[in-house]
Amino acid sequence: MAINFGKWIARHRILIIVLMVLLLIPSAIGYIKTRINYDILSYLPKSLETVSGQDIMVDEFGMGAFSMVIVENMENKDVAKLEEDLEAVDHVEKVIWYDDIVDISLPVEMLPDRFQKALFNGDATLMIALFDDTTSSDDTMDAVTEMRKVVGQKAFISGMSGVVTDIKNLALKEMPIYVAVAAGLALLILLLTMDSFVTPFIFLGGIGMAIVFNMGTNIIFGEISYITQALTAILQLGVTMDYSIFLLESYEADKVRFEGDKQRAMAHAISNTFKSVTSSSVTTIAGFAALCFMTFKLGMDLGIVMMKGVVFGVIVCLTFLPAMILCCDNLIDKTTHKNLIPSMDGLSKKIVKIWPVALILFAVLIVPAYYGNKNYDIYYNIDSGLPQDLDSAIANKKLQEKFEMNNVHVLMLKNGMSVKDKNQMQEEMEQVDGVKWILGINSFVGAKFPDDMIPKEYRDMLKSDEYELEFICSDYKSATDEVNAQLASLNEIVKRYSPDSMVIGEAPLMKDLQDTTDIDLANVNYVSIAAIFLIILITFKSISIPIILVAIIEFAIFLNMSVPYYTNQSLPFVASIVIGTIQLGATVDYAILMTNRYVKERTVRHKSKKEAISIAHKTSIKSIIISGLCLFASTFGVTISSSIDMIQAICVLLSRGAVISTIVVILMLPAMLTVFDKIICKTTWDMRKIDY
């Protein structure tokens, strides 16, 4: 069947090229129309109270996000004018300030102590801008952008919505740059490793087409994460380049075999590549599929898109690429040059010979690698991995300097509590470490401020039919042990007085993020190992081979992930979760390639252990190095051009992981095959009759 498919593609190559090019049009439209989500907190499970609370706030109060606006050296009348200008911005529901409580002609001293402390400090004053949509919605980000234009240099706008807006601006600015850098580096690798100047451009054209198909079909999901958008192109480039190389090598061999009959040679090349590429892609897909088992839905977002990307890579490799190679065959021949990479037979012979040294290295490094892999530091604070000269970073620093604020939690009180209980609960909460003040409707009640003077507009804004809002100022930063302990204390107090009330906001979401992803980290690794182990077991019909191959790549992962520990570097939580499964799925093929040839030499050609390992290593070392270099090149471009640590850290780990996996497979696998050859023969179905 595969050969008939190959013959059809070879005969209809012009039709294939035309159809593929035409399909780029709807794909490009889908690519442009797919919304990009810049808020990774929105991928938390909907069942969490902090997440459902955000939705309740939108439904009950018509607002889902807020920002703190810090104003310096401005008279109250000018601040009032600025407040009006900000309220005129689309999707700004309300701006809370001094004049919402009393007329600005009334001295500040007439305000309750809580409001004085919250809204004024020396020459600075604070306003709270409330938005009518969620933190990362397009409307909220547009509102933040417009607010920044309104305030200019006169004020600073802090909060998570500002952070998300800056992430969006950075990603839009940088992504074209590092995609271009990644493609350029990949092209350089191909020019150095291929023996024609034309084939690298054909390869990149085919992979580029597969990337557009993949990104265009994301429109069926409505939106994808900015992390998925940033990583998909470079990962797809890195992990599917092998397929193109497989096809070309098979085609060149079959041209000789069929004495220059190009169409027949390509039909057989497609048939051969179909078998090798589909089996190779299964392990890569399994690695990405493991991400879908994350409770944190960003994993599913990235996993599904990348699985789809690998499938499109296979499809393009088996259709468009052979059609292009046939059409450009004469040009490829005319631009053929001497292979720039020297023969590696001598190097291979030396590596195979020193297998005891490789085992010693393994024994020496495994313990520190494992320990480092288990103990590197992870951070969860989203804005800490961004450049500190961004508008949001400057505003957050100003908020901390002027008002000693690092966080504002939102307390959603279920209606029905007595005034006495609310006051008593508030007093208890104010005694929690790091709580600076609490503002709500009750904050107005005091000796200097009669209850009937509370503006109805203000009361209606903070109280609905079901809930009442209060703001809790925290001195602690998000995703720290201090704020997590503070939230635990606040929740204990709130639930004791009102089980249906809740504390929501940025810090509570990040605490849930930490709790959720800590579990995901272990689960994803287990699932990816189990899936790939099963695939290798079925492929080789062996118990021992999957253990050896997975152990080798896991050792490479341990080495890679231990580097941050020994260099005292913190990793963003996303990197720590996805890197293990991606590195395993993307690089285990290196080990499979060599092992497959070793098994073939032992079973089909009846070679001795030493001969089989030597031939397998010699024939696969170049392909493994090229594959590793392609993955390194595509990801390294991001490490030198992205300033978003969430993306940069993943690519640093992937580029380093590609190099480490390549070296580990080339050095360690021959040693493992040498030591365990007898066990492999006994536990592998096709090798059980070998006379070892």
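Fair warning: this is a prediction, and the values are worked out from it, not measured in the lab.

Criteria and thresholds
- Residues numbered from 1 in each chain as written.
- Predicted model: local features only at pLDDT ≥ 70, side-chain atom pairs only at ≥ 80, totals over all residues.
- Heavy atoms only, no water.
- Helix = DSSP H or I, 4+ residues; strand = E, 2+ residues; numbered from the N terminus.
- Polar contact = N/O pair within 3.5 Å; in protein donor to acceptor, adjacent residues only side chain to side chain.
- Contact = heavy atoms within 4.5 Å.
- Expected span 1.5 Å × (residues − 1).
- Buried < 20%, exposed > 50% of the residue type's maximum accessible area, 1.4 Å probe, protein only.
- Patch = residues over 30% accessible without salt bridge, like charges linked within 9 Å, V, L, I, M, F, W, Y side chains within 5 Å.
- Areas by Shrake-Rupley, 256 points an atom, 1.4 Å probe, with all protein chains shown as cover.
- Salt bridge = Lys/Arg side-chain N within 4 Å of Asp/Glu carboxyl O.
- Bend = angle between axes of the 7 residues up to and from the residue.
- Axes fitted to C-alpha atoms, helices over the stretch in contact; angles between N-to-C directions.
- Parallel < 35°, antiparallel > 145°, perpendicular 65-115°, else oblique.
- Left-handed = near helix turned anticlockwise from the far one by under 90°.
- Nonpolar A, V, L, I, M, F, W, Y, C, P; charged D, E, K, R; others polar.
- Pairing = 2+ DSSP bridges.

### Thoughts on the side chain of Q583
- Mapping Q583 onto the fold places it in helix α22 (residues 573-603).
- At 2.9 Å, the side chain of Q583 forms a polar contact with the side chain of N560.
- Leaving out residues up to four positions away in the same chain, Q583 has contacts with I553, A556, I557, N560, V588, G657 and S661.

### Remarks on helix α9 (residues 226-257)
- The end-to-end C-alpha distance of α9, which contains 32 residues, comes to 48 Å, matching closely the 46 Å that a straight helix rising 1.5 Å per residue would cover.
- Of all the 32 residues making up α9, 26 are buried; the element is thus mostly covered by neighbouring parts of the structure.
- One side-chain oxygen of the residue at the start of α9 lies 3.0 Å from the amide nitrogen of I227, identifying that residue as S225.
- E259 sits one or two positions beyond α9 and adopts a positive phi of about 55°.

### Some details on a nonpolar patch on the surface
- Judged by side-chain polarity, W8, I14, L15, V18, L19, L22, I25 and I29 come together as a nonpolar surface patch covering roughly 740 Å² of accessible area.
- The dominant element in the nonpolar patch, judged by the number of residues it contributes, is helix α2 (residues 13-33), at 7 residues.
- With respect to the element layout, L22 can be found in helix α2.

### Concerning helix α10 (residues 262-291)
- For α10, built from 30 residues, the straight-helix expectation of 44 Å at 1.5 Å per residue is met to within 8% by its first-to-last C-alpha distance of 42 Å.
- When the local axis directions of α10 are compared, the greatest deviation, roughly 25°, occurs at T273.

### A look at the packing of helix α21 (residues 544-566) against helix α24 (residues 645-683)
- Put simply, α21 and α24 touch, their axes get as near as 8 Å, and they point 150° apart. One element, α21, and the other, α24, form an angle in the roughly antiparallel class. Considering the relative orientation of α21 and α24, their crossing is right-handed.
- Counted by class, the contact of α21 with α24 contains 21 nonpolar, 5 polar and 1 charged residues.

### With respect to the pattern of salt bridges
- Here the structure, examined in full by the defined rule, presents 28 salt bridges.
- Linking R496 and E492 is a salt bridge whose minimum nitrogen-to-oxygen distance equals 3.0 Å. Of the two residues, R496 and E492 both sit in helix α19 (residues 481-497), 4 residues apart, roughly one turn of that helix.
- Among the ionic pairs, K511 bridges to D515, the shortest N-O distance being 3.4 Å. Here K511 and its partner D515 are both found in helix α20 (residues 506-540), 4 residues apart, which amounts to about one turn of the helix.
- Overall, K511 belongs to the partly exposed group, its relative accessible area being 25%.
- Classification of D515 by relative accessible area gives partly exposed; the value is 38%.
- One continuous salt-bridge network, built from bridges that share partners, spans E252, K255, K262, D329 and D333.

### Considerations on the sheet that holds strand β11 (residues 467-474)
- The sheet built from 4 strands is open, its strands ordered β10-β11-β9-β12 with antiparallel pairing. Each edge of the open sheet is held by one strand with a lone partner, namely β10 (435-439) and β12 (502-504). Pairwise comparison of adjacent strand axes, ignoring direction, gives a mean angle of 25° for this sheet.
- Bridge count between strand β9 (residues 407-414) and β11: 8 bridges; the pairing is antiparallel. Bridge assignment links H409 to a residue of β11, and that residue is I472.
- Contacting β9, β10 and β11, helix α17 (residues 419-430) crosses the sheet at an angle of about 160° to β10.

### Regarding unusual backbone geometry
- If you check the backbone angles, H91 has positive phi at about 75° while not being a glycine.
- Judged by relative accessible area, H91 falls into the partly exposed class, the value being 29%.
- The phi dihedral of A479 falls on the positive side, at around 60°, and the residue is not glycine.
- As for its placement among the helices and strands, A479 is situated in the loop between β11 and α19.

### Some points on the packing of α9 against helix α12 (residues 320-327)
- One way to put it is that α9 packs onto α12 with a least axis distance of 11 Å and a crossing angle of 45°. Classified by the angle between their axes, α9 and α12 sit oblique to one another. As α9 runs across α12, the sense of the crossing is right-handed. Mapping the contact onto sequence places S244, L247, L248 and Y251 in α9 and L321, P322, I325 and L326 in α12.
- Each residue belonging to the contact of α9 with α12 can be placed in one class, and the counts come to 7 nonpolar, 1 polar and no charged.

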